[in-house]
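# Observations on the model geometry
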Amino acid sequence: ATSSPEAGGGYVSRRNSVGPLERAYRWLEDHDLARRSLITVTAVAMSRLCFLMPLPGLDRRFLAKVLDTGPLGAMKDPFGDLLQTPGNVFQLGFGAMIFSSIVVQILVSTVPSLKQKTREGGTGEAFIKNLTLYIFLAAALLQGLVTTQLMAPYMIFGSRVDMFTNLVCGAMILRTMCTVIDNFGIGDGFLNILVANIVAEYAVVFRFILSRFAGGQILGSQLAALLASVAACVLASVWLTASTDKLPIQYYSRDEEEEEIEKAYGGGSEREAYLPFKINPTGMQPIIIASYLLHLPSQLALAFGGAWYQVGGFFSQKVVYYPLYFSLLYLSAFIDINETSKEISLYLGKIGAIVPGVRPGERTTEFVERFRKKTIRKGAGLLAFLGTFSIATEVYFRSQIGICLSLTSMLLMVSAFMQIRRQVQAYQQAPKLESTINTNLIL
């Protein structure tokens, strides 16, 4: 009897001896959403810090003046922001990541053996990831080598090897941060970090617009039109990202056990008789691809000069740029490495359902593929129109008031926020789902 208080006291003592950091660690272990949110915020904050952190050994007084012109301007990241420090740790930016992603998507869409890899589960997925990594490393090494040669005249101390190493390591750290968010955080790592840059730039641009409006340099009607355009792009982006086309299905097999399970999980008396297909399954990724590809002519003009200036000038004409941008947006929406028509046909057979008026098997697979492509064509056309409208509106307001919020960047921001929202809702529902499963297992 006398040992019980001592045992209880020992337990209390051990519990009190746990430090605040360990208690916080244990709390984060038990709260998946909070842990993932902390990882995401930390990675994004560190990326912003690296965009502002200067590389050692550079004379930035002169470097800042030449980063937008000449060969160094050609190496500038098209997705860089106004606030990043010239010659920063992440000077190479997202270029190598975007390039490797575009190359791999094109290869997977056109090479049958690589397309087969996407159907091999974990092994094939690992192969595709390694291929993307190798292409990224090759692009980062080449970009780092060229950038080092161009920045060499502005070096105060250190060697070119040091500069090259810092640039390539910066690109690898940026990619690692994106991967950490993808695997352990919330949302898409690339989009989250890019959106953080966009938000930082928006704060400066919006403050400048308001100052010009207060000074009478921007009319109230112009500001209202700009805000209306922003609202229209945001609403259209939300609708396009969330919208689906419904493929009608009909159940022919349903037993009592399935009905009991459905009622136990809160289902109604009848199942929803359709399968949803997103009209825009690639999200706003086509905007990144189109912007990157159409940035190449101006990069070549800055890098090589001479006749390339004429090439860059030709592609910068509105009558050329807008149709090309529209076409690239439309075609990029079809870069879909997940062909699921056969899997959907098999799934329908497993749940005892058919597409009305279509024979099961190959006929269903062909019908689903046609329906999927028709849905993607619809979404691709709407996305191409929305993207072209956004950039045309942006160019118009720049000519009218001298500056404008980037509406194409606004589309990327909306896409990132919606991805985060979907994941947060899924993590919030996880405890409820687990509780329901445990309740039914006990019953």
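Look up a bit, the structure's there.
Residues numbered from 1 in each chain as written. Predicted model: local features only at pLDDT ≥ 70, side-chain atom pairs only at ≥ 80, totals over all residues. Heavy atoms only, no water.

Two numbers describe how helix α2 (residues 20-30) lies on helix α3 (residues 32-52): the axes approach to 5 Å, and their chain directions differ by 110°. Here α3 runs roughly perpendicular to α2, going by the angle between their axes. Here α2 contributes W27, L28, E29 and D30 to the contact with α3, which in turn contributes D32, A34, R35 and L38. When its residues are assigned to classes, the contact of α2 with α3 shows 4 nonpolar, no polar and 4 charged. (Axes fitted to C-alpha atoms, helices over the stretch in contact; angles between N-to-C directions. Helix = DSSP H or I, 4+ residues; strand = E, 2+ residues; numbered from the N terminus. Parallel < 35°, antiparallel > 145°, perpendicular 65-115°, else oblique. Contact = heavy atoms within 4.5 Å. Nonpolar A, V, L, I, M, F, W, Y, C, P; charged D, E, K, R; others polar.)

What follows concerns a nonpolar patch on the surface. A cluster of nonpolar side chains, F206, L210 and L227, forms an exposed patch at the surface whose accessible area comes to about 240 Å². Owing to a relative accessible area of 36%, F206 belongs among the partly exposed residues under this scheme. (Patch = residues over 30% accessible without salt bridge, like charges linked within 9 Å, V, L, I, M, F, W, Y side chains within 5 Å. Areas by Shrake-Rupley, 256 points an atom, 1.4 Å probe, with all protein chains shown as cover. Salt bridge = Lys/Arg side-chain N within 4 Å of Asp/Glu carboxyl O. Buried < 20%, exposed > 50% of the residue type's maximum accessible area, 1.4 Å probe, protein only.)

This part covers the layout of surface pockets. Rolled over the atoms, a probe as big as a water molecule pinpoints where empty space is left. Space inside the largest pocket adds up to approximately 1,700 Å³. For the largest pocket, the lining is made up of 47 residues, of which S101, Q105, D182, D188 and Q285 are closest to its centre. Taken together, the elements giving at least two residues each to the lining of the largest pocket come down to α6 (95-110), α8 (122-151), α9 (160-184), α10 (189-214), α13 (285-304) and α18 (407-442). Grouping the amino acids of the lining of the largest pocket by side-chain chemistry returns 17 nonpolar, 21 polar and 9 charged. (1 Å grid on protein atoms, 1.4 Å probe; cavity = no way out; pocket = protein on both sides within 12 Å on 5 of 7 lines; lining within 4 Å. Points joined across faces, edges and corners; volume = space filled by probe spheres on them.)

Glancing now at helix α16 (residues 341-350). Turning to α16, its buried residues number three or more, namely S341, I344, S345 and L348. Projected down its long axis, α16 shows its buried positions confined to an angular sector of 100°, all on one face. Structural note: α16 exposes K342, L346 and K350 on the side pointing more than 90 degrees away from its buried face. As for α16, its buried residues are in contact with β3 (274-278), β4 (353-354) and α17 (362-401). At the C-terminal side of α16, G352 shows a positive phi close to 70°. (Arc of directions from axis to C-beta.)

Below, the discussion takes up the environment of W308. Mapped onto the elements of the fold, W308 is located in helix α14 (residues 307-316). Between the C-alpha atom of W308 and that of S298, which follows or precedes it by 10 residues, the distance is 8.3 Å. Those residues in contact with W308, other than ones at most four positions away along the chain, are L300 and A301.

With that settled, consider helix α15 (residues 318-332). With 15 residues, α15 extends 21 Å between its outermost C-alpha atoms, agreeing within 8% with the 21 Å of an ideal straight helix rising 1.5 Å per residue. Of the positions making up α15, those classed as buried are V320, Y321, Y322, Y325, L329 and S332. (Expected span 1.5 Å × (residues − 1).)

For the structure shown, the criterion picks out 10 aromatic pairs. Relative to F94, the ring of F51 lies with its centre 6.1 Å away and its plane at 45°, an arrangement referred to as tilted. Taken together, the residues F51 in helix α3 and F94 in the loop between α5 (70-74) and α6 connect sequence positions 43 residues apart. The burial state of F51 is the same as that of F94; both residues are buried. (Phe/Tyr/Trp six-rings, centres within 6.5 Å; stacked < 30°, edge-to-face > 60°.)

Attention now goes to the pattern of salt bridges. Evaluated as defined, the whole model comprises 8 salt bridges. The salt bridge involving R26 is made with E22; its shortest N-O contact spans 2.6 Å. Of the two residues, R26 and E22 both sit in helix α2, 4 residues apart, roughly one turn of that helix. By relative accessible area, E22 is classed as partly exposed at 36%. Three or more residues are tied together by salt bridges with common partners; here these are D32, R35 and R36.

With that settled, the discussion passes to the nonpolar core. The tendency in soluble globular proteins is for nonpolar side chains to be buried as a group. F94, F190, I193, I209, I287 and Y325 are the most contacted members of the largest nonpolar core, which totals 71 residues. Per element, the largest residue contribution to this core is 10 residues, and it comes from α10. Once residues within four sequence positions are removed from consideration, I193 is found in contact with V44, S47, F51, F94, L174, M177, C178 and I181. (Core = buried A, V, L, I, M, F, W, Y, C linked by side-chain atoms within 4.5 Å.)

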